[in-house]
Amino acid sequence: MPQTNQALLGEGEAAHRDTAGRTGDGSFVRIDRLTKRFDEVAAVDGVSIDIRKGEIFALLGSSGCGKSTLLRMLAGFETPTAGSIELEGAEISQLPPYERPINMMFQSYALFPHLTVFENVAFGLKRDKMPRDRIAETVEAMLNIVQLKPYAKRKPHQLSGGQQQRVALARCLAKRPKLLLLDEPLGALDRKLREQTQFELHNIIKKVGVTCVLVTHDQEEAITMADRIAVMSNGRFLQVGQPHEIYETPNCRFVADFIGNVNLFDGTIEAVAPDHCVVATNGGRLTVGHGITGGPGMAVSVALRPEKIELSREPPADRASNCFSGRIADSGYFGRYSVCRVTLAGGMKLQVAITHSERNGDLFVSGEEVYATCQPESLVVLSA
Ligand SMILES: Nc1ncnc2c1ncn2[C@@H]1O[C@H](COP(=O)(O)OP(=O)(O)O)[C@@H](O)[C@H]1O
Ligand SMILES: [Mg+2]
């Protein structure tokens, strides 16, 4: 994959280049330079993005970066300070929430405790004066999709957290919204249940085919559930891309650091060729398997994921890869894998992830001298 100048955008620059998220005129939701100020602070700062029909689009970022504010503007609970929101070509940003073909599921799903599962899902349809037999049909279809048909007569307190969450989703979907908004949908579930529910939720949304914007601060949730992710910071989009693009080719230090674990080297460009470059770093001289826009002397960072490093006790025979020598500082055992920290000659600590494919595999111990290697293609140059 060519990754030339993409990798060298500064954070601010990247934010204004989010036209990369544009998909042309076939877009379903078009957000253009959308801004929301509270007093003088821009909670959402000139965001532009096109979302495709049927897409699950995640807004990912730490608390306070503006995710909910952006979602609330889509729902109609906040009025934008500037910018526009189009749904299927029609401007909606000034419409009240109930006139938008949009439904939002909140973190606390607020089911009615005195109503059954069936009645909870039917609630909005009754209010819309849908005929009784059509309500029954629709609710049954929805409960089927979320696999809760046998639970139709139960009250919310007779359900597990995950089941309650699916009732709330069925209630949102029953009105057949064109756009489904989910704000931290799995926030109330414990870890194990979250992991399961991520897949279920993804499958349900895909089955129904509804376009969805999902807010989360959890990178794993965004990666498992979304077709595309926008990484947000300070009200702006830093990078928009498919999960693997965000993970494998982050466009700035913030994104590299925010998604997963990463080793970041500080360095200076020594040489640039179309298909590779050489960077002198605090961890040694690195050959990077992609070209960059920029020349010798430029200060950069180089990102390397812990699972892309190999450790050995013997010096590697393969001279083409990058090699560091060092000493195991400490290691942690996590069942499926271990993480070793290797102190390099210059003092930098390198995180290395080792998968345990054998039951009684040989583990490295503190103090051992080791060689760490990585392929040039595993490295990504970022603006410093
Ligand atoms: N109604 C409000 N009045 C004033 N400031 C607000 C309001 N809502 C949100 N903010 C501020 O806007 C910023 C973004 O908030 P929010 O969108 O809730 O972030 P996130 O959902 O990413 O955690 C925060 O600094 C928050 O304090
Ligand atoms: Mg929020």
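Structural data are supplied above this passage.
Residues numbered from 1 in each chain as written. Chains lettered and ligands numbered in written order. Predicted model: local features only at pLDDT ≥ 70, side-chain atom pairs only at ≥ 80, totals over all residues.

Caption draft 1: The arrangement of the overall build of the chain in detail. Broken down by element type, the chain carries nine helices and 20 strands. Among the 384 residues that make up the chain, the fraction classed as buried is 37%. Nonlocal contacts in the chain, meaning residues at least 24 apart in sequence, comprise 65% of its contacts between residues at least 6 apart. (Helix = DSSP H or I, 4+ residues; strand = E, 2+ residues; numbered from the N terminus. Buried ≥ 20, exposed ≤ 12 C-beta atoms within 10 Å, placed from the backbone. Contact = placed C-beta atoms within 7 Å.)

Caption draft 2: Inspection of unusual backbone geometry at higher detail. The residue Gln147 is not glycine, and still its phi comes out positive at about 60°. Take Gln147: it is sitting in the loop between helix H4 (132–145) and helix H5 (161–174). Notably, Arg176 is not glycine yet its phi reads approximately 50°, a positive angle. The residue Arg176 is located in the loop between H5 and strand S7 (179–183) in this model. The class for Arg176 is exposed, based on 12 C-beta atoms found within 10 Å.

Caption draft 3: The arrangement of the site of ligand 1 in detail. All residues adjacent to ligand 1 are Phe38, Ala43, Gly61, Ser63, Gly64, Cys65, Gly66, Lys67, Ser68 and Thr69. Ranked by the residues each element gives to the shell around ligand 1, the list is headed by helix H2 (residues 67–75), at three residues. When its residues are assigned to classes, the shell around ligand 1 shows three nonpolar, six polar and one charged. (Near = placed C-beta within 6 Å. Nonpolar A, V, L, I, M, F, W, Y, C, P; charged D, E, K, R; others polar.)

Caption draft 4: Quick look at the nonpolar core. Counting 92 residues, the largest nonpolar core has Ala58, Val121, Ala170, Val213, Leu214 and Val302 as the members making the most contacts within it. Top contributing element to this core by residue count: H5, with seven residues. Each of two domains, domain 1 (5–101 + 177–256) and domain 2 (261–383), supplies a minimum of three residues to this core. Aside from chain neighbours lying at most four places away, what touches Val213 is Ile51, Phe57, Leu59, Leu71, Leu74, Leu179 and Leu181. (Core = buried A, V, L, I, M, F, W, Y, C linked by C-beta atoms within 7 Å. Domains from an automatic or database assignment.)

Caption draft 5: Structural view of the environment of Lys53. Structurally, Lys53 can be placed in the loop between strand S2 (41–51) and strand S3 (56–60). Look at Lys53 and you get partly exposed, because 14 C-beta atoms sit within 10 Å. Along the backbone, Lys53 and Val29 are 24 residues apart, and their C-alpha atoms lie at a distance of 7.8 Å. Beyond its immediate sequence surroundings of up to four residues, Lys53 is in contact with Phe28 and Thr211.

Caption draft 6: Quick peek at H5. In this model, H5 (14 residues) spans 20 Å end to end at C-alpha, consistent with the 20 Å of a helix rising 1.5 Å per residue. Within H5, burial applies to Gln164, Gln165, Arg166, Val167, Ala168, Leu169, Ala170, Arg171, Cys172, Leu173 and Ala174. In this fold, the buried residues of H5 make contact with strand S6 (102–105), helix H3 (117–127), H4, S7 and helix H6 (191–208). Looking one or two residues past H5, Arg176 carries a phi angle of roughly 50°, positive in sign. (Expected span 1.5 Å × (residues − 1).)

Caption draft 7: A look at H2. Of all nine residues that make up H2, eight are buried, and the element is covered over most of its length. By the burial criterion, the buried members of H2 are Lys67, Ser68, Thr69, Leu70, Leu71, Arg72, Met73 and Leu74. Backbone geometry just downstream of H2 places Gly76 in the positive-phi region, at approximately 100°.

Caption draft 8: Structural detail: the pairing of S6. Residue alternation in S6 divides its side chains into two sets, Ile102 and Met104 and Asn103 and Met105, and both sets are buried. As judged from the four bridges shared by S6 and S7, these two strands associate in the parallel manner. Bridging from a neighbouring strand, Asn103 pairs with Leu180 of S7. (Pairing = 2+ DSSP bridges.)

Caption draft 9: Local environment of the packing of H3 against H4. Running from N to C, H3 and H4 point in directions that differ by 130°, and their axes come no closer than 10 Å. In this view, H3 runs oblique relative to H4, as classed from their interaxial angle. Between H3 and H4 lies a crossing whose hand is right-handed. Where H3 abuts H4, its residues Phe118, Val121, Ala122, Leu125 and Lys126 lie against Ile135, Thr138, Val139, Met142 and Leu143. Its residues assigned to classes, the contact of H3 with H4 shows eight nonpolar, one polar and one charged. (Axes fitted to C-alpha atoms, helices over the stretch in contact; angles between N-to-C directions. Parallel < 35°, antiparallel > 145°, perpendicular 65-115°, else oblique. Left-handed = near helix turned anticlockwise from the far one by under 90°.)

Caption draft 10: Structural view of the environment of Pro185. The topology assignment puts Pro185 in the loop between S7 and H6. When near neighbours in sequence (up to four residues on either side) are disregarded, Pro185 contacts Met105, Gln165, Leu201 and Leu214.

Caption draft 11: The arrangement of the sheet that holds strand S13 (residues 284–288) in detail. Spatially, five strands are ordered S13-S12-S11-S14-S20 in an open sheet, and the strand pairing comes out antiparallel. Sheet topology places S13 and strand S20 (380–383) at the edges, where each strand pairs with a single neighbour. Taking each pair of neighbouring strands and ignoring which way they run, the sheet shows an average axis angle of 45°. In this sheet, S20 lies alongside strand S14 (residues 299–304) in antiparallel orientation, the contact comprising four bridges. Within S20, the residue paired with Val302 across the bridge is Val381.

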